[in-house]
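Fold and geometry: a report
Single-letter residue listing:
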Amino acid sequence: MVGPLEAGMMRVHAELDSALHDHQVALLDRDPARARRTFAEFAAKLREHIADEETHILPAYAQLGGDASNSPASQFEVEHRKLLAFVVECEQRLAQLGTAPGDRPILELLDRQSWFKSLMQHHDIREGRVLYRLFSDRLPHADQELILARCVSAR
Ligand SMILES: [Fe+2]
Ligand SMILES: [Fe+2]
């Protein structure tokens, strides 16, 4: 059964997907200002969500026995570093957007983001199936609610 923490954080993942989608629509519209603004919104939410997971979720996951599984907390942290490094790369590319003529910079960004989207999808699926599933299976709902209430990204 899906517990409140799993449900709440899966909703955050869906919101992140939707924020990235809005940004890509702005890229397709060749609107650099809107592309930068929508990416900034996505990046802020992703950073907030990762901070929530590393502060409130992964330590509790390790305590619940997650570190004894094939997916220890450290593995999720490694993936977070990759996601965050990509966000910085994207911010740098977006800062240059509109300074050179032609569509090549936009197409390059979309190519890089397609790689990033599969990384994020893989990460989100593993969090759903392994990380948050462990909370659903092992932690009483009231305790899950307490953790969820501390997560800024889920508000
Ligand atoms: Fe994560
Ligand atoms: Fe997550």
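For the structure itself, consult the block above.
The text that follows walks through the structure, step by step, so that each part is easy to find. (Residues numbered from 1 in each chain as written. Chains lettered and ligands numbered in written order. Predicted model: local features only at pLDDT ≥ 70, side-chain atom pairs only at ≥ 80, totals over all residues.)

**Some remarks on the overall build of the protein**
Looking only at helices and strands, one finds five helices and zero strands in the protein. The principal-axis extents of the C-alpha atoms in the protein amount to approximately 55 × 30 × 25 Å. Buried residues in the protein amount to 26% of all 155 residues. In the protein, 75% of the contacts between residues at least 6 apart in sequence involve partners at least 24 apart. (Helix = DSSP H or I, 4+ residues; strand = E, 2+ residues; numbered from the N terminus. Buried ≥ 20, exposed ≤ 12 C-beta atoms within 10 Å, placed from the backbone. Contact = placed C-beta atoms within 7 Å.)

**Digging into the nonpolar core**
Side chains of nonpolar character tend, in soluble globular proteins, to be buried together. In terms of nonpolar packing, the biggest core is built from 17 residues, with Leu5 and Tyr61 touching the most fellow members. Looking at this core, the elements with two or more residues in it are α1 (4-28), α2 (32-63), α3 (73-96), α4 (104-138) and α5 (141-150). With four residues, α4 is the single largest residue contributor to this core. If near-sequence neighbours (up to four positions away) are discounted, Leu5 is found in contact with Tyr132, Phe135, Gln144, Ile147 and Leu148. Core analysis: the second largest hydrophobic core is formed by ten residues, Leu27, Phe42, Ala43 and Ile50 among them. (Core = buried A, V, L, I, M, F, W, Y, C linked by C-beta atoms within 7 Å.)

**Notes on α2**
Here α2 is 32 residues long and its end C-alpha atoms lie 45 Å apart, about the 46 Å a rise of 1.5 Å per residue gives. The positive-phi residue at the C-terminal boundary of α2 is Gly65, with phi of around 110°. (Expected span 1.5 Å × (residues − 1).)

**A few points about α1**
In this model, α1 (25 residues) spans 36 Å end to end at C-alpha, consistent with the 36 Å of a helix rising 1.5 Å per residue. If you follow the buried residues of α1, they end up packed against α2, α4 and α5. Directly after α1, the chain includes Arg30, whose backbone phi takes a positive value near 55°.

**Things to note about unusual backbone geometry**
Positive phi values are uncommon outside glycine, yet Arg30 reaches one of about 55°. With respect to the helices and strands, the residue Arg30 is situated in the loop between α1 and α2. Here Arg30 falls in the exposed class, since 12 other C-beta atoms lie within 10 Å of it.

**Here's the deal with the packing of α2 against α3**
Contact geometry for α2 and α3: axes closest at 11 Å, N-to-C directions at 165°. Looking at the two axes, α2 sits roughly antiparallel to α3. Judged by the sense of rotation from one axis to the other, the crossing of α2 with α3 is left-handed. Of the residues in α3, those in contact with Ala35, Arg36, Phe39, Ala43, Leu46, Ile50, Glu54, Leu58, Tyr61 and Ala62 of α2 are Ala73, Phe76, Glu77, His80, Leu83, Leu84, Val87, Cys90, Glu91 and Leu94. Grouping the amino acids of the contact of α2 with α3 by side-chain chemistry returns 15 nonpolar, one polar and four charged. (Axes fitted to C-alpha atoms, helices over the stretch in contact; angles between N-to-C directions. Parallel < 35°, antiparallel > 145°, perpendicular 65-115°, else oblique. Left-handed = near helix turned anticlockwise from the far one by under 90°. Nonpolar A, V, L, I, M, F, W, Y, C, P; charged D, E, K, R; others polar.)

**Digging into the environment of Gln24**
Tracing the chain through its elements places Gln24 in helix α1. Note: C-alpha distance between Gln24 and Thr38 (14 residues apart in sequence) is 8.6 Å. Other than its neighbours up to four places away in sequence, Gln24 contacts Leu110 and Gln113.

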